[in-house]
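The lines below spell out each chain.
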Protein chains: 2
Amino acid sequence: MILSLLSRAAALVIILSIFTQANGGKLLVAPMDGSHWLSMRPVAEKLAQNGHKVVVLTAESSLSMNGSDLYTALTYSISYSKEDLVSRLEMFGNEAFTQRPPLEKFLVMQRRMKQGAAFMLDSCARMLNNSQLIQSLEAMTFDAVFTDPMLPCGQILAEHLSLPSVFFLRGIPCNIDAKATKCPTPLSYVPRMLTSLTDHMNFPQRVKNLFYDLTTHVMCNVLYSPYEQLAKEFLKRDVSLQEILSHAAIWLMRMDFTFEFPKPLMPNMILIGGINCAQKKLLNQDFEKLVNSSGEHGFVVFSLGSMVSEIPMDKAMDIAEAFRSIPQTVIWRYTGKVPSNLGSNTHLVKWLPQNDLLAHPKARAFITHAGSHGIYEGICNAVPMVMLPLFGDQMDNAKRIESRGAGVTLNVLDMTPEDLINALDSVINKPSYKENIQRLSALHLDRPIHPLDLAVHWVEFVMRHKGAPHLRPAAHDLNWIQYHSLDVFAFLLAVLVTTFFISFKCCTYTCRRCCGRKSRPKSKSKKE
Amino acid sequence: MILSLLSRAAALVIILSIFTQANGGKLLVAPMDGSHWLSMRPVAEKLAQNGHKVVVLTAESSLSMNGSDLYTALTYSISYSKEDLVSRLEMFGNEAFTQRPPLEKFLVMQRRMKQGAAFMLDSCARMLNNSQLIQSLEAMTFDAVFTDPMLPCGQILAEHLSLPSVFFLRGIPCNIDAKATKCPTPLSYVPRMLTSLTDHMNFPQRVKNLFYDLTTHVMCNVLYSPYEQLAKEFLKRDVSLQEILSHAAIWLMRMDFTFEFPKPLMPNMILIGGINCAQKKLLNQDFEKLVNSSGEHGFVVFSLGSMVSEIPMDKAMDIAEAFRSIPQTVIWRYTGKVPSNLGSNTHLVKWLPQNDLLAHPKARAFITHAGSHGIYEGICNAVPMVMLPLFGDQMDNAKRIESRGAGVTLNVLDMTPEDLINALDSVINKPSYKENIQRLSALHLDRPIHPLDLAVHWVEFVMRHKGAPHLRPAAHDLNWIQYHSLDVFAFLLAVLVTTFFISFKCCTYTCRRCCGRKSRPKSKSKKE
């Protein structure tokens with residue numbers, strides 16, 4: 001009882017501090033944990049610096065949400081610890097290195113994904129069912145919600161609080177983002193997620209694209225239907241997930257056409273691809289020393305992201321073997337067991353300042369798992385890439401860079417040391433790779449406004465104007481048949497058929513009459 | 001002979017001056033005369049101020065292209081005088097006031113439009129057939145062409161010179177812009193030009209929209225096929241107009257969703273609606289005096305654009321009669337005969353600083369023919385409108401503003417003085433009109449970058465990077481069947497039907513076998 005009173009008092013203090021400190025507007029941030037938060041955080045922080053009171057909903061155990069002096073973190077309890085999260089994520093990452101028959105691998109990855117999704121769902125359910133938290137949020141009278149729709153909790157909250165929302169995302173699986181924005185995405189040149197297709201598809205590839213589009217609905221139903229159920233219970237009305245998401249005022253899309261394939265957009269989609277490329281900072285002494293000692297051949301940056309903690313020793317030795325044979329220094333982010341054949345040019349580090357290293361003029365190549373954040377850092381800094389995609393959208397990302405001639409993709413399970421040596425040799429020594437990534441980089445960086453400023457502008461826009469209804473297409477008020485004008489075409493067809501039928505009948509009737517008249521004298525003559 | 005030599009020498013001087021003066025890039029501007037040039041000129045001038053050498057192709061006789069110190073005008077001869085142009089335009093404008101049966105009116109307007117189009121075509125043909133001019137342009141090695149695609153000459157030139165191009169437009173009739181950019185424009189909520197429909201259509205309206213979409217193709221063929229022919233002859237290859245236009249790198253669209261209805265966009269479409277709203281300048285002494293004398297009721301600005309020189313006297317008297325009855329001062333741009341019943345509150349002027357007057361806090365209403373430039377000035381300055389659309393897209397424009405509750409539309413032919421009084425009373429005294437236009441204005445002006453700077457950025461982008469191929473969708477490489485995946489659907493249907501047929505055959509065969517076995521004993525027993 002006393003504990004409950006104390007926690008209520010603490011919540012009240014937070015609310016009061018929010019009310020008293022607010023200078024500009026008040027923004028509720030409902031992010032997604034992990035790498036997603038890394039590029040969303042600078043927007044929240046910049047908004048706080050602009051004088052807005054920013055409240056960030058944070059699960060008690062989190063991977064990347066460490067709080068900040070700039071915003072208020074409002075925590076809620078969940079059923080798992082940070083260690084559970086880390087180990088689950090590493091299991092997922094390390095699974096990518098396990099050799100299994102394709103079907104078994106797919107099923108294991110599916111199981112792991114469902115387990116990961118269960119964590120997210122639990123976090124969402126506990127947040128929405130935390131009545132004390134919800135009451136606090138109701139009392140805070142925010143201007144808008146800023147959220148990542150991969151985890152639809154933020155939008156469910158926005159609906160409950162009757163607040164306009166701004167989304168921050170790269171995309172939602174199964175084309176949900178396109179459906180919720182009513183954005184046309186023709187199957188003929190917009191490749192679907194996880195297909196590893198480009199925008200130039202031959203006939204079998206277009207069949208594959210359609211096939212993926214149809215089948216992923218099933219997968220997405222499994223992933224997202226629990227959120228729909230949660231929304232129905234929480235909002236106490238019958239709603240679909242697509243309908244809820246369609247209410248977002250602005251979709252800040254981490255998308256840029258130096259990386260993505262050109263496709264249609266909607267007026268409320270704002271492109272902020274490359275927002276994660278931070279301004280180059282000075283390297284610390286250790287890295288500076290490493291980099292300077294690399295000589296004329298420069299250095300290679302190698303990271304497979306935070307989800308891979310351990311690589312099977314034979315694979316790690318293959319990689320180390322390849323690195324021994326190249327003249328470049330290699331800086332390898334790796335927390336696993338040190339391979340015994342590690343060359344003197346290869347330096348293992350537990351963490352590396354990826355963007356600052358890539359921004360160094362001596363960076364010659366970037367070996368990456370092809371996560372979208374890493375790819376953008378490669379583009380921003382014009383470093384050609386060797387890509388070892390592991391799972392999820394990474395195969396698609398690698399395909400995009402490969403199709404632009406700015407990188408080489410290898411299958412991490414099958415590759416030999418020679419493959420890696422050849423790939424590195426190509427991207428470092430064949431001029432086309434450097435030229436292509438430099439061209440992409442020049443196009444990407446030549447923009448009228450920085451993506452971070454653009455994102456901040458549109459969040460503030462929604463806060464100032466209580467949404468952006470003038471950007472909402474009327475398509476949302478049409479059903480499937482009306483949207484595709486099937487009723488209109490059916491009507492026109494009916495009119496055409498009827499006209500044709502009546503004309504035909506008239507003709508035959510006229511013919512019959514004419515023929516009848518002509519034939520009458522004949523019958524007469526017969527009688528005669 | 002001597003004259004020809006002299007003119008060649010003059011051209012050489014211009015070319016040399018361009019070569020020697022060029023600091024930044026070199027831009028060829030191929031504009032369209034009339035009001036189109038008014039909002040394109042500031043972009044050309046700003047580019048010149050940014051250090052680029054700007055050459056503007058100008059017909060010898062022109063309505064609005066008076067040259068500038070900032071750019072070099074390269075003139076070419078045409079077959080008509082400025083007086084011909086003005087009288088043709090005024091005939092067109094004044095026709096709007098002539099009462100005729102609908103069909104006759106349509107046919108007369110069509111004839112006038114074809115006559116106007118003939119002027120444009122003549123100008124285009126003479127430019128392309130001016131071999132001396134073309135040789136000069138070839139020698140000038142420009143970086144890009146900046147052109148208005150309503151007159152496709154600029155793009156034909158760009159093709160000939162193998163230069164990337166930037167388009168500046170509001171739209172091209174018959175949805176040609178959408179087709180050339182491969183931009184989806186669903187008939188169910190994207191109203192077609194000249195339909196006066198909104199984005200919320202009932203069934204008959206959607207049928208009308210489709211009907212217009214289908215029938216305007218015929219009209220556009222009449223209008224644009226001569227350009228296609230011209231292009232084929234000039235480029236010496238078989239090309240379609242749509243194909244030529246599809247090569248534009250960037251489409252600067254004079255479009256903003258406070259005015260237009262939200263619809264899909266393509267990555268190479270950049271929205272610069274409201275670019276024509278100039279910064280407010282001080283009024284000259286005469287207008288300042290007029291405006292200050294208007295008292296607490298403020299003033300009304302009335303202009304039907306430069307195409308209307310004369311209004312039939314009975315109509316002019318009706319309008320003057322209405323103005324006598326309102327407490328506001330009226331500033332009426334009018335060059336026709338003065339109506340005898342003109343009130344003391346009504347001041348006729350031959351020209352007025354429209355934007356500066358609308359920007360004045362005492363401006364209460366704007367009576368306009370609903371041209372897009374005027375409408376944007378109304379939105380920028382938050383002045384509610386009474387719209388008297390005359391022809392072309394003006395009915396559509398008026399419908400857009402009316403559907404937002406920011407203005408009232410009147411039929412100029414049918415309206416009585418009372419109608420005009422009531423409309424003015426509504427927009428001035430009913431708070432909703434002022435609130436709505438203020439809301440639209442606030443949304444329109446709240447942008448991260450001014451449309452003029454955005455336009456300049458993208459022209460410079462194309463000059464720097466020799467185009468923007470990364471924004472070109474792969475849809476351009478597909479035919480109609482492929483784009484709509486009709487071949488894929490047909491294939492899947494064939495697979496389904498075949499599977500069904502084989503399954504059916506297998507079943508019937510199995511059934512027959514089973515029945516056959518069962519029936520054999522029966523036949524035996526029969527024999528027995």
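Keep in mind it's a predicted model, so treat the numbers as computed, not measured.

## Quick look at the overall build of chain A
1) Next: Across its full length, chain A carries 19 helices and 13 strands.
2) Next: Taken along the three principal axes of its C-alpha coordinates, chain A extends 125 × 65 × 45 Å.
3) Next: Considering chain A as a whole, with its 528 residues, one finds that 54% of them fall into the buried category.
4) Next: Taking the contacts inside chain A whose residues are at least 6 apart along the sequence as the reference set, 65% of them involve residues at least 24 apart.
5) Next: Accessible surface, chain A: about 23,900 Å² in total, of which carbon and sulfur atoms supply 58%.
6) Next: Between the centroid of the 54 positive side chains of chain A and the centroid of its 46 negative side chains there is a distance of 13 Å.

## Points about the state of the cysteines
1) Next: Applying the stated criterion across every chain, the model contains six disulfides over all chains.
2) Next: A sulfur-sulfur separation of 2.0 Å characterises the disulfide bridge that pairs Cys-277 of chain A with Cys-380 of chain A. Across the S-S bond of Cys-277 of chain A and Cys-380 of chain A the torsion is about 85°, and the bridge reads as right-handed. Of this pair, Cys-277 of chain A sits in the loop between β7 (269-271) and α10 (285-292) while Cys-380 of chain A sits in helix α13 (residues 372-380), placing them 103 residues apart in sequence.
3) Next: A relative accessible area of 11% means that Cys-277 of chain A is categorised as buried.
4) Next: There is a disulfide in this structure between Cys-174 of chain B and Cys-220 of chain B, and the S-S distance comes to 1.2 Å. Note on the Cys-174 of chain B and Cys-220 of chain B pair: the S-S dihedral is about 60°, so by sign convention the disulfide is right-handed.

## Considering the nonpolar core
1) Next: Residues Val-43, Phe-146, Ile-250 and Leu-252 of chain A together with Leu-57, Leu-137 and Trp-251 of chain B are the most contacted members of the largest nonpolar core, which totals 100 residues.
2) Next: Residues within four places of Leu-137 of chain B in sequence aside, it is in contact with Leu-28, Leu-57, Leu-74, Phe-142, Leu-157 and Leu-161 of chain B.
3) Next: Ranked by size, the runner-up nonpolar core spans 99 residues in total, among them Leu-28, Phe-142 and Leu-163 of chain A together with Ala-144 of chain B.

## Some points on unusual backbone geometry
1) Next: The phi torsion at Ser-196 of chain A lies on the positive side, around 55°, for a residue other than glycine.
2) Next: Position of Ser-196 of chain A relative to the elements: it lies in the loop between α7 (176-181) and α8 (203-235).
3) Next: In the Ramachandran plot, Thr-141 of chain B falls in the positive-phi region, its phi being about 40° despite a non-glycine side chain.

## Observations concerning helix α11 (residues 313-324) of chain A
Residue and element names in this part refer to chain A.
1) Next: Compared with an ideal rise of 1.5 Å per residue, which puts twelve residues at 16 Å, α11 spans 16 Å between its outermost C-alpha atoms and is within 8% of the ideal.
2) Next: Within the sequence span of α11, burial applies to Lys-315, Ala-316, Ile-319, Ala-320, Ala-322 and Phe-323. Down the axis, α11 shows its buried residues gathered within 155° of arc, on one side only.
3) Next: Of the surrounding secondary structure, the elements contacted by the buried residues of α11 are β8 (299-303), β9 (329-333), β10 (346-349), β11 (363-368) and α15 (417-429).

## Some remarks on the sheet that holds strand β9 (residues 329-333) of chain B
Backbone hydrogen bonds hold the strands of a sheet together, and the pairing may be parallel or antiparallel.
Residue and element names in this part refer to chain B.
1) Next: As summarised here, the arrangement of the six strands in space is β10-β9-β8-β11-β12-β13, forming an open sheet in which the pairing is parallel. Because the sheet does not close on itself, it has two edges, and the strands there are β10 (346-349) and β13 (407-409). Along the sheet, successive strands turn relative to each other by an average axial angle of 15°, direction set aside.
2) Next: One ladder, built from five bridges, connects strand β8 (residues 299-303) with strand β11 (residues 363-368); its direction is parallel.

Thresholds, definitions, all that
- For every chain, the first residue of its written sequence is number 1, and the numbers climb from 1 along that sequence.
- All chains are assigned letters beginning at A, and all ligands numbers beginning at 1, according to the order in which they are written.
- Two thresholds apply to this predicted model, a pLDDT of at least 70 for residue-level local features and 80 or more for giving and counting side-chain atom pairs, whereas whole-chain, interface and lining totals are computed over all residues.
- The basis for the side-chain values is all heavy atoms of the structure; hydrogens and waters are excluded.
- What counts as a helix is a DSSP run of H or I of at least four residues, what counts as a strand is a run of E of at least two, and both are numbered from the N terminus.
- Burial classes: relative accessible area under 20% of the type maximum marks a residue as buried, over 50% as exposed, and values in between as partly exposed (1.4 Å probe, protein chains only).
- Whether two residues touch is decided by their heavy atoms; if any such pair falls within 4.5 Å, the residues are in contact.
- Note on areas: these come from Shrake-Rupley sampling with a 1.4 Å probe, and a residue is covered only by the protein chains present in the view.
- His is not counted, nor are the chain ends; Lys and Arg add positive charge and Asp and Glu add negative charge.
- We put the charge of a Lys on NZ, of an Arg on CZ, of an Asp on CG and of a Glu on CD.
- When the sulfur atoms of two cysteines come within 2.5 Å, that pair is taken as a disulfide.
- Each nonpolar core is a collection of buried residues, namely Ala, Val, Leu, Ile, Met, Phe, Trp, Tyr and Cys, held together in the definition by side-chain atoms within 4.5 Å.
- In this analysis, the expected span of each helix is defined as 1.5 Å times one less than the number of residues it contains.
- Read the arc as the range of directions from the helix axis to the C-beta atoms.
- Pairing between strands is defined by DSSP: at least two bridges between the two strands are required.
- To get an axis, a line is fitted to the C-alpha atoms, and for a helix only the part in contact is used. The angle between two axes follows their N-to-C directions and goes from 0 to 180 degrees.

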